[in-house]
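Structural characterization, general
For reference, the chains in residue letters:
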Amino acid sequence: MSMKVLVINTGSSSIKFELFQMPEEKVEASGLLQRIGEEGSELSYSLKGEKYKIAQKVPDHGVGLKLIISALTDGEKGGIEDISEIGAVGHRVVHGGEAFAKTAKIDADVLQAVRDHIDLAPLHNPPNILGIEVATSALPKALQVAVFDTSFHQSIPPHAYLYPVPYELYENQRVRRYGFHGTSHRYVTQRAAELLDKPIEELNVITAHLGNGASITAVRGGKSVDTSMGLTPLEGLMMGTRCGDIDPALIAFLERTQKMSVGDIDKLLNKKSGLLGISGVSNDMRTCEEAAAKGNERAQIALEMYAYRVKKYVGAYTAVLGRVDALVFTAGAGENGAELRAQVLENMEPLGYKIDPERNAVRGKEADVSTADSPIRVLVIPTNEELMIARDTYVLASA
Ligand code: ADP
């Protein structure tokens with residue numbers, strides 16, 4: 001069945017979108033509406049290969065989505081003739097908790113379940129819900145589908161998802177590891193199976209999603225068995241502005257010695273730490289690399305810490321999996337950071353990782369960067385969460 005699928009990712013002040021012609025998986029349009037409800041709202045998008053910008057007041061998400069739809073249906077620019085050609089809308093939803101191990105058709109119960117998880121993702125689920133509501137009213141005939149960041153990780157076993165704290169916190173407050181970036185980890189896992197020509201049920205991989213946020217996942221037989229992000233996206237790797245793993249006693253220490261409020265500490269760990277906190281320069285890997293190249297020592301140590309912490313997880317997940325077919329690098333820094341990849345895998349030959357310096361000199365495209373005799377393949381696979389959402393949405397819409 002031929003149809004167009006609109007993929008939307010709604011943030012607190014933005015809507016990112018991509019329009020696919022399915023099942024061909026052809027991208028017909030994509031764009032980003034920013035600063036909704038603020039000064040200087042702007043829609044930048046591409047349609048049929050041409051780029052456009054519309055600056056206009058966008059007071060709320062409802063008006064924003066209508067603007068996007070009118071841009072998509074602009075006949076003069078070769079837009080689609082009729083919005084009824086959009087058969088389904090796929091929504092990125094950050095937190096599905098334990099309620100969703102799979103992508104779901106949205107109905108009143110599903111929407112309520114997403115609402116029930118607001119306490120676990122207070123910054124993300126509310127705008128996602130808003131996106132679903134405005135899309136349902138703007139495109140009432142289209143099927144609405146929710147694709148959760150957490151669902152790929154629902155296969156993680158209890159010994160890996162529980163924290164060693166009183167069990168009642170899990171039973172009553174749902175405190176556990178959930179993991180995020182699931183759509184990205186799932187996409188690169190599927191792509192690795194294709195590239196290695198191996199049935200996904202037999203594939204063991206470690207997938208490192210290294211963007212502004214970063215997480216790493218151990219995948220056994222195509223299923224997530226452990227991941228570095230936890231109850232929230234703060235745990236695990238060092239990130240642009242997030243600390244990742246630290247001694248949790250730091251929170252009480254800061255409260256006691258600096259008289260900081262828990263809210264301020266939370267902000268410190270989420271927004272002022274990571275690459276930014278250590279370098280004092282930037283949360284951006286490239287900017288840190290430039291500063292380090294000019295002799296900035298704190299930027300240098302920030303980069304070393306970042307790579308060291310990825311390395312530790314690669315080692316840990318190699319132990320978890322026992323047999324690893326491939327390590328996959330993805331997202332901004334994973335896809336482009338050749339130096340980072342080399343640092344992560346330095347001295348890892350005894351574990352089976354042999355990176356080839358020449359092959360590793362690749363940015364932003366699919367490649368095998370390991371030596372021909374490396375026991376474990378090292379792959380660079382650009383992620384494509386939008387395509388994964390479009391595929392899931394199409395499967396449900398055409399069933
Ligand atoms: P987001 O999580 O916001 O989607 P991205 O996946 O785009 O982020 O990743 C952003 C990160 O990728 C930034 O730290 C950026 O510096 C880094 N990055 C992009 N290009 C390069 C590059 N050529 N070398 C090193 N890092 C890069």
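Before reading on, note that the structure itself is shown above.
Calculation criteria
- Residues numbered from 1 in each chain as written.
- Predicted model: local features only at pLDDT ≥ 70, side-chain atom pairs only at ≥ 80, totals over all residues.
- Heavy atoms only, no water.
- Helix = DSSP H or I, 4+ residues; strand = E, 2+ residues; numbered from the N terminus.
- Expected span 1.5 Å × (residues − 1).
- Buried < 20%, exposed > 50% of the residue type's maximum accessible area, 1.4 Å probe, protein only.
- Contact = heavy atoms within 4.5 Å.
- Polar contact = N/O pair within 3.5 Å; in protein donor to acceptor, adjacent residues only side chain to side chain.
- Pairing = 2+ DSSP bridges.
- Axes fitted to C-alpha atoms, helices over the stretch in contact; angles between N-to-C directions.
- Parallel < 35°, antiparallel > 145°, perpendicular 65-115°, else oblique.
- Left-handed = near helix turned anticlockwise from the far one by under 90°.
- Nonpolar A, V, L, I, M, F, W, Y, C, P; charged D, E, K, R; others polar.
- Core = buried A, V, L, I, M, F, W, Y, C linked by side-chain atoms within 4.5 Å.
- Salt bridge = Lys/Arg side-chain N within 4 Å of Asp/Glu carboxyl O.
- Near = heavy atom within 4 Å.
- Areas by Shrake-Rupley, 256 points an atom, 1.4 Å probe, with all protein chains shown as cover.
- 1 Å grid on protein atoms, 1.4 Å probe; cavity = no way out; pocket = protein on both sides within 12 Å on 5 of 7 lines; lining within 4 Å.
- Points joined across faces, edges and corners; volume = space filled by probe spheres on them.

**Comments concerning helix α1 (residues 61-72)**
Working note: α-helix, 3.6 residues per turn, so residues spaced by three or four point in the same direction. Look at α1: 16 Å from first C-alpha to last across 12 residues, which is about the 16 Å you get at 1.5 Å a residue. Of the positions making up α1, those classed as buried are His-61, Gly-64, Leu-65, Leu-67, Ile-68, Ile-69, Ala-71 and Leu-72. The elements touched by buried residues of α1 are β1 (3-10), β2 (15-22), β3 (26-34), β4 (42-47), β5 (50-55) and α3 (125-138). A distance of 3.0 Å separates the backbone nitrogen of Gly-62 from a side-chain oxygen at the start of α1, and that oxygen is part of Asp-60.

**Let's talk about the pairing of β3**
Bridge count for β2 against β3 is 7 bridges, and the pairing is antiparallel. Of the residues in β3, the one forming a bridge with Phe-17 is Gly-31. In sequence, β2 turns back onto β3 through a hairpin of 3 residues, with Glu-25 there showing a positive phi of about 65°. Sheet topology places β3 next to β4; 6 bridges connect them, and they run antiparallel. Opposite Leu-32, over in β4, you have Ser-44 as the bridge partner.

**So, the sheet that holds β3**
Pairing is mixed in the open sheet, where 8 strands are placed in the order β5-β4-β3-β2-β1-β6-β8-β7. The open sheet has two edge strands with one neighbour each: β5 and β7 (104-105). Of the strands in this sheet, β1, β2, β6 (86-93), β7 and β8 (143-148) touch helix α14 (residues 385-398), which is tilted by about 130° from β1.

**Side note on the sheet that holds strand β10 (residues 214-220)**
Taken in spatial order, the 6 strands make up an open sheet running β11-β10-β9-β12-β14-β13, and their pairing is mixed. This sheet does not close on itself; its edge strands, each paired only once, are β11 (223-227) and β13 (367-368). When β13 meets strand β14 (residues 377-380), the two strands line up antiparallel, connected through 2 bridges. Bridge pairing links Asp-368 to Leu-379 in β14.

**Concerning the packing of helix α2 (residues 108-116) against α3**
For the pair α2 and α3, the least separation of the axes is 9 Å and the interaxial angle reads 160°. On the basis of the axis angle, α2 is roughly antiparallel to α3. The two elements α2 and α3 meet at a crossing, and its hand is left-handed. On α3, the residues that touch Leu-111, Val-114 and Arg-115 of α2 are Asn-125, Ile-129, Ile-132 and Glu-133. By residue class, the composition of the contact of α2 with α3 is 4 nonpolar, 1 polar and 2 charged.

**Quick look at the nonpolar core**
Grouped together as the largest cluster of nonpolar side chains are 44 residues, with contacts concentrated most on Leu-210, Tyr-306, Leu-345 and Tyr-353. Beyond its immediate stretch of four places on either side in the chain, Tyr-353 contacts Ile-206, Val-314, Thr-318, Val-324, Leu-327, Leu-345, Met-348, Ser-374, Ile-376 and Val-378.

**Observations regarding the pattern of salt bridges**
Under the counting rule described, the total for this entry stands at 18 salt bridges. Among the ionic pairs, Arg-115 bridges to Glu-133, the shortest N-O distance being 2.9 Å. Of this pair, Arg-115 sits in helix α2 while Glu-133 sits in helix α3, and the two are 18 residues apart along the sequence. Arg-377 serves as the salt-bridge partner of Asp-368, at 2.9 Å between the closest nitrogen and oxygen. Taking the relative accessible area as the measure of exposure, Asp-368 reaches 26% and is therefore partly exposed. Given the relative accessible area of 17%, Arg-377 is considered buried. One continuous salt-bridge network, built from bridges that share partners, spans Lys-4, Glu-28 and Glu-85.

**Considerations on the site of the ligand**
Taken together, 13 residues lie near the ligand, and Asn-212, Asp-284, Met-285, Gly-332 and Ala-333 sit nearest. Contact between the ligand and Met-285: an oxygen atom at 2.9 Å from a main-chain N or O atom of the residue. Here Asn-336 contributes a side-chain N or O atom positioned 3.4 Å from a nitrogen atom of the ligand. Calculation on the ligand without its partners gives an accessible area of 580 Å², and the protein chains cover 70% of this total. Elements that contribute at least two residues to the shell around the ligand include exactly α10 (285-293) and α12 (331-336). Among the elements that line the shell around the ligand, the one with the most residues is α12, at 4 residues. Tallied by class, residues from the shell around the ligand come to 3 nonpolar, 6 polar and 4 charged.

**What to know about the environment of Thr-73**
Tracing the backbone shows Thr-73 in the loop between α1 and β6. Judged by relative accessible area, which is 24%, Thr-73 ranks as partly exposed. Residues Thr-73 and Lys-102, 29 residues apart in the sequence, show an inter-C-alpha distance of 31 Å. In contact with Thr-73, other than residues within four places in its own chain, are Gly-79, Ile-80 and Ile-83.

**A few points about α3**
Compared with an ideal rise of 1.5 Å per residue, which puts 14 residues at 20 Å, α3 spans 20 Å between its outermost C-alpha atoms and is within 8% of the ideal. Of the surrounding elements, those touching the buried residues of α3 are β1, α1, β6, α2 and β8.

**Observations regarding the layout of surface pockets**
The volume enclosed by the second largest pocket comes to roughly 390 Å³. Around the second largest pocket, the lining comprises 18 residues; the ones closest to its centre are Ala-101, Lys-102, Phe-152, Arg-186 and Gln-190. Going through the elements one at a time, α6 (182-196), β11 and α14 are the ones with two or more residues in the lining of the second largest pocket. A breakdown of the residues in the lining of the second largest pocket according to their chemical character gives 5 nonpolar, 8 polar and 5 charged.

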